[in-house]
Amino acid sequence: LSVCNTMRCLILLTTALLYTRCVLSAQTVEAETTFYGARDNCPPGGDIAYPDLHPEAGGTGTYKDPITYAGSRKATKPGSIIYVNFLQKYFIMEDDCEECDQEWDRNQKWHFDLWMGPDNVTAGPNLISCEDTLTQSKTSVIIDPADNLPVNATKLFNGQTLQCIVPIVPCKTNNPNSCGNECEIPNSGTCSQIADQLLLNLTRFEQLNPKLGCGDGSKEIKAGTSVCMGGPCGD
């Protein structure tokens, strides 16, 4: 072989070895996948515990711009990339999930809480219905996947049209005043102020938080207090 051909062979061999190593490092697990968005994030919005590619939760789902996910750092380290087969999207660990932590500690259950968006807090039940519709108790997830898997570019939830990526199953409940999601508020504020932040009117906030005794809405709620953010259907 000429020097040129020898170099070409070495380059091809090195590339093949690197690709083989990448494929071999991938791990496929059966996991629970749940979803969260700006409306039911705590506090509401896009704040995340482990900013990496994004200062706030986000992403488009490609390998170069994976979507934020929350999980147990004992299961996958912050910055880890996964690929969710049924969604055909990549995700990156940039947030913490308390429930995922507890489940991993209890029985090493794989659980990934995937960011659905949108960037802004939206009113109404559509986001929660979309989350509930897409939630999977067990589905195939690849940890450290190859970078060339098929990607569905459609948003999981469109914040402008309030449309889900799939037809939603409308949320129904026999107890609309039960709490669907709690949040430990980071800053003090009056009942009215906290209700506004959660896109709830004062009457609805009081229905969900009867023990707070809000009255006319001027009562101060201290930072660190757990409040109900919404009912079973998110509103």
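See the structure printed just above.
Reference entry: report on the structure contained in this document. These numbers were taken from a predicted model, which means no experiment stands behind them.

A few words now on the state of the cysteines. For the structure shown, the criterion picks out 6 disulfides. In this model Cys97 forms its disulfide with Cys100; the gap between the sulfur atoms is 2.3 Å. Between Cys97 and Cys100, the S-S dihedral sits near 75°, and the bridge is therefore right-handed. Here the two residues Cys97 and Cys100 agree in accessibility, since each one is buried. Here Cys191 pairs with Cys214 through a disulfide, and the sulfurs are 2.1 Å apart. Torsion about the S-S bond of the Cys191 and Cys214 cystine: about -80°, corresponding to left-handed handedness. With a gap of 23 residues between them, Cys191 in helix H4 (residues 191-197) and Cys214 in the loop between helix H5 (202-208) and strand E11 (220-221) connect regions that are remote in the sequence. Judged by its relative accessible area of 4%, Cys214 is buried. Assigning the bonded cysteines of the chain consecutive numbers by sequence position, one obtains the connectivity 1-8, 2-3, 4-5, 6-12, 7-11, 9-10.

Criteria and cut-off values
- Residues numbered from 1 in each chain as written.
- Predicted model: local features only at pLDDT ≥ 70, side-chain atom pairs only at ≥ 80, totals over all residues.
- Heavy atoms only, no water.
- Disulfide = S-S within 2.5 Å.
- Buried < 20%, exposed > 50% of the residue type's maximum accessible area, 1.4 Å probe, protein only.
- Helix = DSSP H or I, 4+ residues; strand = E, 2+ residues; numbered from the N terminus.

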